[in-house]
Amino acid sequence: VTRAKCAGQDATSLTMSIDAETVTITFPQKIPSGSHTLTVHFTGTLNDQMRGLYRSSYTNLKGEEKIMACTQFEATDARRAFPCWDEPSFKATFQLICTIPLIDGSNMVAISNTPVLETQEFIKDGERFKTYTFGETPKMSTYLAALVVGEFDVVSMYSEKTKIQTSVYTMPGKGKQGKFCLETASKALDFLEETYGIKYPLPKSDLLAIPDFASGAMENWGCVTYREAKILTDVGTSLTMKKGIARTVCHELAHQWFGNLTTMEWWNALFLNEGFARFMEFISVNHLFPEWNIWNEFVQSVYTLALGLDAMKTSHPIECTVNHPDEINSIFDAISYAKGASLLRMVSNYLGDDVFIGGIQAYLTKFSYDNAKSGDLWSALGEFSGKDVPGMMVPWTSQTGFPVIHISDDGSTSTERFLASGEKGEGSWPCPIVFQDGEKIILDDSNKSAVEKKIKTLLTDSFFKINAGQNGFFRVNYSVRQWEKLADVMVPGKLSTIDRLGLISDCFALGKAGYIPVTVPLNLVKSFGEIAELDEYVIWQELSEQMRGLASLYKDEPFFPKFQKLMAGMFSKQAELLGWEKKEGENENLGSMRAAVFAALGAADDAGTAQTAQKLFNEYAAGGDAVQADLRQIVYKLALKQDEEGVMRVLMDLYRRTDFPEEQRNLMLTLGQVQNAGLHAEVREWALWSGEVRIQDITYPLSTLGSSNQANSDSAWKYFQNNYDKLLSRFNNMWPAVAAMMSRGGSGGQQKVDEINAFFKVKPVGSAKRRVEQGCEALLLRFGRLERDRKVLEKYLN
């Protein structure tokens, strides 16, 4: 800030506080009460940190490097672009005027939240310029303002229903890759306007692909920005990636009402924005693509992700105190997103979906162009439904964690906080129990006897399961005898897919935490190798993840070959039914299922799987057909396992020859899995310093480089310590991920954790504090499980 004026007075001093991120403006005399205009003159930097107003670079179709400008203001970076009260409750209208240079041969344009009102070209000092004047925005928070300047291809679609034109902007030459996103976005806007019962508040809906972008996407009102990987598709795009793109598009458009029109008052209630958008993205995708059965994937990926993180001592309540920007940034995590969405799904199921949406419409109408607290949402739902929603939901948002419900053989129940360590946890939550017959009872102190009475009527049945539909955000632990009964009905046809999935998830989590022996979940799925028909994708995705997790834990144990034999027996029949080649007319989800099944067989060192993967890779490397999109990552991984250096060189060459984001991601994830210490160091140097890996993408190679084996994990941690300052300088905006991924894994248990804590007492951990703490806890949990279950599992396998 260079100067300021208010009420006819020029400021006498301007005091900047870097730590507080504020400027204090002092005037010679007291400003009288009333309405005034504060005029502030300022300068800024078009930085390269992917926040504030920053520059992004890319190579065009002619091989020329091009620069564009972009904004990313959430959570607290609008202040990096212009002086403002940069808090969500200080809503205002914005009108941007932007002047850009007109360079010969360039088709550069400026895009913002609102349409262009007028443009004016002029010449100054012999150079040509163009000024864009944009329309005034609705009243909104600072973090939603947006400006993008660059050269683009654009594809557009007009909706007769909403009367809104949706446009997708891509780098020149990539317009066709935005068509799937365009169709999804236009139809989603139609659906969301009808669902919310409120007209879309802006005259246009733009979606822009940005080459350098730290997060997945950003919901700027009317001008949504995305990573290229979250918006572009081609003929080789996997179904998994298409689903991810559809989800991201619907997530950001859901924000145009929930978050933009009605905004949380402060960042402590971030879940009001992100949890709701995550929930609505699944409602929208399910409407647009019912054949995907996307709610199954919600349970397998979102719901279980939230349970996993919230089971840790280092978790936090959905609503927690945050003040400094580092604290605010740290809660953009699975608790705000995934747990928030899971709780909204739970309350929607409890009230009924139509009643829930009716309450949401009332809430949005009441707080349009305003701010709200979580209590306002619960009150609106309570008033509309006539039920005590605040009484049920406040304990869920104010406490860390979730309960486990223990059911004894006599039908009695007890609850405690579920902890991944298996220790005794504290807390009390009202749990809406849904039984298989549809009856709903809230399990709390007043209704405990009613729940137990209902359970006792089920004890004589061949089996029973509570939390039908897996809507309740809790785990259920049955007695060993009840788990044995459930094992008999885990084959397809006896339970819904979601209920089978929920039982696998609960049982493995209970076994890993030590609430039950680790052998109980293995017995639950022991019959899966005998299933003689193609099963559901999400079941085998969950089983694959669970078994590969155990394989990673026990891979250095003498009994590991027996465990691999057990794994191979589970997955071989489904692999035989699937085959490696896609069949004409097959269910789309089977491509994803192939990847899950063959990944498990790869971890089991199945010889046939390894040979086929090597054959497919060799044919592709020699110029043959590309590997099927869903199978690329597992084929690359298994080929690397058999010839590390040779395959690594081929993978690096493939990386340099492709500009498609999904393929680049597959290659980076695979390259990080090299085991040889020398090759590991070479890949690490390439990923961090070559400039070939965009800063935004560094998490892909680091996620595997930091945990490929114990020796390499220790090496990554030592490298991090020796290069701390250099890493912090380069990866400042990706610091939480970089610090956490390079300090996890390895050997030493408590000794390693003590070493990490000692290091960060000397060097600031900054915004990575929570991620590093969670990594340390995960490290201790891993070593604790290994010691506790080693002999039990060895005896079981023998």
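Residues numbered from 1 in each chain as written. Predicted model: local features only at pLDDT ≥ 70, side-chain atom pairs only at ≥ 80, totals over all residues. Heavy atoms only, no water.

Trainee: Mind showing me how you'd approach the environment of Ser330 here?
Mentor: By secondary structure assignment, the location of Ser330 is in helix α5 (residues 325-330). Its relative accessible area of 17% is what places Ser330 among the buried residues. Those residues within four positions of Ser330 in sequence are excluded, and the remaining contacts are Ser767 and Arg770. Side-chain polar atoms of Ser330 contact the backbone oxygen of Glu327, separated by 2.7 Å. (Helix = DSSP H or I, 4+ residues; strand = E, 2+ residues; numbered from the N terminus. Buried < 20%, exposed > 50% of the residue type's maximum accessible area, 1.4 Å probe, protein only. Contact = heavy atoms within 4.5 Å. Polar contact = N/O pair within 3.5 Å; in protein donor to acceptor, adjacent residues only side chain to side chain.)

Trainee: What exactly am I supposed to notice about the nonpolar core here?
Mentor: Nonpolar side chains tend to gather and get buried jointly when the protein is soluble and globular. Counting residues in each nonpolar core, the largest one holds 247 residues, and the members touching the most others are Tyr196, Trp396, Trp483, Met547 and Phe720. Once you skip the residues sitting within four places of it in the chain, Tyr196 turns out to touch Ala254, Trp257, Phe258, Phe276, Met280, Ile360, Gln361 and Leu364. Core analysis: the next-biggest nonpolar cluster, separate from the first, contains nine residues, Ala69, Ala110, Leu147 and Val149 among them. (Core = buried A, V, L, I, M, F, W, Y, C linked by side-chain atoms within 4.5 Å.)

Trainee: Whenever I open this one, helix α10 (residues 448-456) confuses me. Can you help?
Mentor: Three- or four-residue spacings in an α-helix give side chains the same orientation, since the helix completes a turn every 3.6 residues. Turning to α10, its buried residues are Val451, Glu452, Lys454 and Ile455. Viewed along the axis of α10, the buried residues span an arc of 160 degrees, placing them on a single side of the element. Exposed residues pointing more than 90 degrees away from the buried face of α10 are listed as Ser449 and Lys453. Taken together, the buried residues of α10 touch β20 (403-407), β21 (413-417) and β23 (440-443). (Arc of directions from axis to C-beta.)

Trainee: Where do I start with unusual backbone geometry in this structure?
Mentor: Most peptide bonds take the trans configuration, and most residues that are not glycine carry a negative phi. In this chain, Glu74 is followed by Ala75 through a cis amide linkage whose omega measures 5 degrees. Positionally, Ala75 belongs in the loop between β7 (65-72) and β8 (97-101). Even without being glycine, Ala7 reaches a positive phi, approximately 55 degrees. Structurally, the position occupied by Ala7 is in the loop between β1 (3-6) and β2 (9-10). Residue Ala7 is classed as partly exposed on the basis of its relative accessible area, which comes to 35%. Look at Gln470: it is not a glycine, yet its phi comes out positive at around 55 degrees.

Trainee: So what exactly am I meant to see when it comes to the pairing of strand β13 (residues 153-158) here?
Mentor: Within a regular strand, side chains alternate between the sheet's two faces. Judged from the six bridges that link them, β13 and strand β14 (residues 165-170) form a sheet pairing that is antiparallel. Across the sheet, Val155 pairs through a bridge with Val168, a residue of β14. What sits between the antiparallel neighbours β13 and β14 is a turn of six residues, in which Lys163 has the positive phi angle 60 degrees. (Pairing = 2+ DSSP bridges.)

Trainee: How should the packing of helix α17 (residues 607-621) against helix α19 (residues 644-657) be read in this particular structure?
Mentor: Axis angle and axis distance: for two packed helices, these are the angle between their axes and the distance between the axes, and together they describe the pair. Relative to each other, α17 and α19 sit at 50 degrees, their axes nearing to 12 Å. Between α17 and α19, the angle is such that the two are oblique. The two elements α17 and α19 cross, and the hand of that crossing is left-handed. For the pair α17 and α19, contact is made by Phe617, Tyr620 and Ala621 and by Val647, Val650, Leu651 and Leu654, respectively. Counted by class, the contact of α17 with α19 contains seven nonpolar, no polar and no charged residues. (Axes fitted to C-alpha atoms, helices over the stretch in contact; angles between N-to-C directions. Parallel < 35°, antiparallel > 145°, perpendicular 65-115°, else oblique. Left-handed = near helix turned anticlockwise from the far one by under 90°. Nonpolar A, V, L, I, M, F, W, Y, C, P; charged D, E, K, R; others polar.)

Trainee: Looking at this structure, I do not really get the layout of surface pockets. What am I missing?
Mentor: Left-over empty space is what a probe sized like a water molecule reveals as it rolls over the atoms. Computed from the structure, the second largest pocket encloses a volume of approximately 920 Å³. In this structure, the second largest pocket is lined by 38 residues; those nearest its centre are Ser57, Tyr58, Pro211, Asp212 and Arg694. For the lining of the second largest pocket, the secondary-structure elements that each account for two or more residues are β6 (52-59), β7, α19 and α20 (661-671). At six residues, β6 tops the list of elements feeding residues into the lining of the second largest pocket. When grouped by side-chain class, the residues that make up the lining of the second largest pocket number 16 nonpolar, eight polar and 14 charged. (1 Å grid on protein atoms, 1.4 Å probe; cavity = no way out; pocket = protein on both sides within 12 Å on 5 of 7 lines; lining within 4 Å. Points joined across faces, edges and corners; volume = space filled by probe spheres on them.)

Trainee: It is not clear to me how the pairing of β8 should be interpreted in this structure. Could you clarify?
Mentor: The side-chain alternation of β8 yields one buried face, formed by Cys98 and Ile100, and one unburied face, formed by Ile97, Thr99 and Pro101. With five bridges connecting them, β8 and strand β11 (residues 127-134) associate as antiparallel partners. Paired with Pro101 across the two strands is Phe129, which belongs to β11.

Trainee: Sorry if this is basic, but what is going on with the side chain of Gln541 here?
Mentor: Take Gln541: it is sitting in helix α14 (residues 537-554). In this view, Gln541 contacts Gln300, Arg548, Ser592 and Ala596; residues no more than four positions away in its chain are not counted.

Trainee: Please clarify how the side chain of Thr704 should be interpreted in this entry.
Mentor: Checked against the element boundaries, Thr704 lands in helix α22 (residues 699-705). For Thr704, a relative accessible area of 14% corresponds to the buried category. Reaching out from Thr704, the side chain makes a polar contact with the backbone oxygen of Leu669 at a distance of 3.1 Å. Among the polar contacts made by the side chain of Thr704, one reaches the main-chain carbonyl oxygen of Pro701 at a distance of 3.2 Å. With near-sequence residues (within four places) excluded, Thr704 lies in contact with Met668, Leu669, Gly672, Gln673 and Arg744.

Trainee: Before we go on, may I ask you to explain the pattern of salt bridges in this structure?
Mentor: Where side chains of opposite charge bring their charged atoms close, a pairing between them can arise. For the structure shown, the criterion picks out 42 salt bridges. A salt bridge links Lys163 to Glu160; the shortest N-O distance between them is 3.1 Å. Where Glu692 meets Arg656, a salt bridge forms, and the shortest distance between an N and an O atom there is 2.8 Å. Residue Glu692 is found in the loop between α21 (677-689) and α22, and its partner Arg656 is found in helix α19; the two are separated by 36 residues along the sequence. By relative accessible area, Glu692 is classed as partly exposed at 30%. Among the charged side chains, a salt-bridge network with shared partners connects Glu21, Arg79 and Asp86. (Salt bridge = Lys/Arg side-chain N within 4 Å of Asp/Glu carboxyl O.)

Any functional reading would require information beyond the geometric quantities listed.
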